[in-house]
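# Structural overview
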Amino acid sequence: MRRILLFVFLLTAVASSAQMKWNERYQQYIDQYKDIAIEQMKRWRIPASITLAQGIFESGAGQSELTRRSNNHFGIKCHGWTGRKVYKDDDAQNECFRAYDTAFDSFEDHSRFLATGQRYRSLFSLKTTDYKGWARGLKAAGYATNPQYANKLIELIQLYKLYEFDNAKDYDKFMAQHSKDHAPNGQLLHPIKIYNKNYYLYARRGDTFKLIGDEIGISYKKIAQYNERDRDDRLQEGEIIWLKKKQKKAPKEYKNRLHYVRQGESMYSIAQTYGIRLKSLYKMNKLKPDYEIRVGDALKLR
């Protein structure tokens, strides 16, 4: 009896250790592409959860060699393809894969590939909220050779609650538009984040306002103005760059909260952190522009 219990315990432990764990990189991928997935769902009737789960699984959350080289987020091969191509080893050596100019092109082709493929026709009789049926149907139709493909998609959808996007009535058009942007020098797009009713990204090494502007499709002079900087300023890796004019105050949750100045902070760096205009931060705290803040100073944020 003790041996049986021990065996059951070991099986449970193995199953538990094999469970998928939350991954910050996966969450960043979801944040970046959820709006284009919803947009595609409204146009093609493919669940946004399925599109996102497939994108994560097939592209390694955007980090796979195939995605970096060719913007191919779904591992679609060249069958019937007349566009640009790349080659890599997969089920066989040196297989042909479709290559795209932008992430949007990959998501759009993925939708069209499913919607016009005879083998996937039965999936479109399912509801867009039936992500389990879609996942199992994709595997049954031969989308992937991995025997655990459907289970992996379902696990991703449940862990990250991607099914919530299948009920979305609207989406952020700015974020969806970003999937059409062209990253310079073959790099991946800057992930865009949302805070204080604004959009921002983190500068990478070698970034300039011009490079960011060319990628996002916004005048680099305007981006510099939004960040209260000179357009030719050198950017430091990791600094926040706002993509629209900053707010006059921090979000509402800071109504009765203060920011205590830490070592190395400046009025400008604090204004950037909260997405506040520098002039407004001085005004809220009744400080003159030549005031030199000290560690421990308490600042109002709204």
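Here the structure is a predicted model, which means the values were calculated and not measured.

## Quick look at the overall build of the chain
Across its full length, the chain holds 12 helices and 7 strands. Classification of the 302 residues of the chain by burial places 44% in the buried group. Intrachain contacts of the chain at a sequence separation of at least 6 include 61% that bridge at least 24 residues. Carbon and sulfur atoms provide 49% of the accessible area of the chain, an area that totals close to 17400 Å². Across the chain, the centroid of the 54 positively charged side chains sits 6 Å from that of the 35 negatively charged ones.

## Considerations on the side chain of S70
Note that S70 resides in helix α4 (residues 65-70). Of the residues examined, S70 reaches a relative accessible area of 0% and is grouped as buried. Of note is the side chain of S70, whose polar atom sits 2.6 Å from the backbone oxygen of L66. Excluding anything up to four places from it in sequence, S70 contacts V86, R98, A99 and Y100.

## Here's the deal with the packing of aromatic side chains
The description of an aromatic ring pair uses the distance of the two centres, along with the angle that the planes make with each other. A complete count under the given rule lists 16 aromatic pairs for this structure. Between the aromatic rings of F74 and F107, the centroid separation amounts to 5.0 Å while the plane-to-plane angle is 80°, which identifies the pairing as edge-to-face. Linking F74 in the loop between α4 and β1 (85-88) with F107 in helix α5 (residues 103-116), this pair joins segments that are 33 residues apart in sequence. One exposure class covers both F74 and F107, and it is buried. Their ring planes at 20° and their centres at 4.1 Å tell us that F174 and Y199 sit as a pair that is stacked.

## With respect to the pairing of strand β2 (residues 95-98)
The two faces of the sheet receive side chains in turn, since in a regular strand these alternate between them. The two faces of β2 match: E95 and F97 on one face and C96 and R98 on the other face are all buried. Where β1 lies against β2, 4 bridges are found, and the strand directions are antiparallel. Bridge assignment links K85 to a residue of β2, and that residue is R98. With antiparallel pairing between neighbouring strands as the criterion, β1 and β2 make up a hairpin whose turn holds 6 residues, including N94 at a positive phi of roughly 50°.

## Here we look at the side chain of T128
Within the secondary structure, T128 is located in the loop between α5 and α6 (131-140). Look past the residues within four positions of T128 in its chain and what remains in contact with it is M41, R45, P47 and D166.

## Points about the sheet that holds strand β5 (residues 240-242)
Picture the strands of a sheet paired through backbone hydrogen bonds; they go either parallel or antiparallel. Within the open sheet, the 3 strands sit side by side as β3-β4-β5. Their pairing is antiparallel. The open sheet is flanked by β3 (193-195) and β5, the only strands paired with a single partner. On average, each strand axis in the sheet is tilted by 40° relative to the strand beside it, whichever way the strands run. Strand contacts of helix α11 (residues 267-274): β3 and β5, with the helix running at about 65° to β5, the strand carrying the most contacts.

## Brief notes about a positive patch on the surface
A grouping of K197, K249, K252, K255 and R302 is seen on the molecular surface, where their side chains present a positively charged patch. Here K252 is to be found in the loop between β5 and β6 (258-260).

## A few points about the environment of F57
Relative to the helices and strands, F57 is located in helix α3 (residues 48-59). Judged by its relative accessible area of 31%, F57 is partly exposed. Linking F57 and P147, residues 90 residues apart in sequence, is a C-alpha distance of 14 Å. Sequence-distant contacts of F57, that is, excluding residues within four places in its chain, are made with N146, Y149, K152, L153 and L156.

## Observations concerning the environment of R229
Along the polypeptide, R229 turns up in the loop between α10 (220-226) and β5. One polar contact links R229 to D233, side chain to side chain, over a distance of 3.0 Å.

Cut-offs applied
Residues numbered from 1 in each chain as written. Predicted model: local features only at pLDDT ≥ 70, side-chain atom pairs only at ≥ 80, totals over all residues. Heavy atoms only, no water. Helix = DSSP H or I, 4+ residues; strand = E, 2+ residues; numbered from the N terminus. Buried < 20%, exposed > 50% of the residue type's maximum accessible area, 1.4 Å probe, protein only. Contact = heavy atoms within 4.5 Å. Areas by Shrake-Rupley, 256 points an atom, 1.4 Å probe, with all protein chains shown as cover. Lys, Arg positive; Asp, Glu negative; His and termini not counted. Charge placed at Lys NZ, Arg CZ, Asp CG, Glu CD. Polar contact = N/O pair within 3.5 Å; in protein donor to acceptor, adjacent residues only side chain to side chain. Phe/Tyr/Trp six-rings, centres within 6.5 Å; stacked < 30°, edge-to-face > 60°. Pairing = 2+ DSSP bridges. Axes fitted to C-alpha atoms, helices over the stretch in contact; angles between N-to-C directions. Patch = residues over 30% accessible without salt bridge, like charges linked within 9 Å, V, L, I, M, F, W, Y side chains within 5 Å. Salt bridge = Lys/Arg side-chain N within 4 Å of Asp/Glu carboxyl O.

Such coordinate-based values are descriptive only and should not be taken to indicate function.
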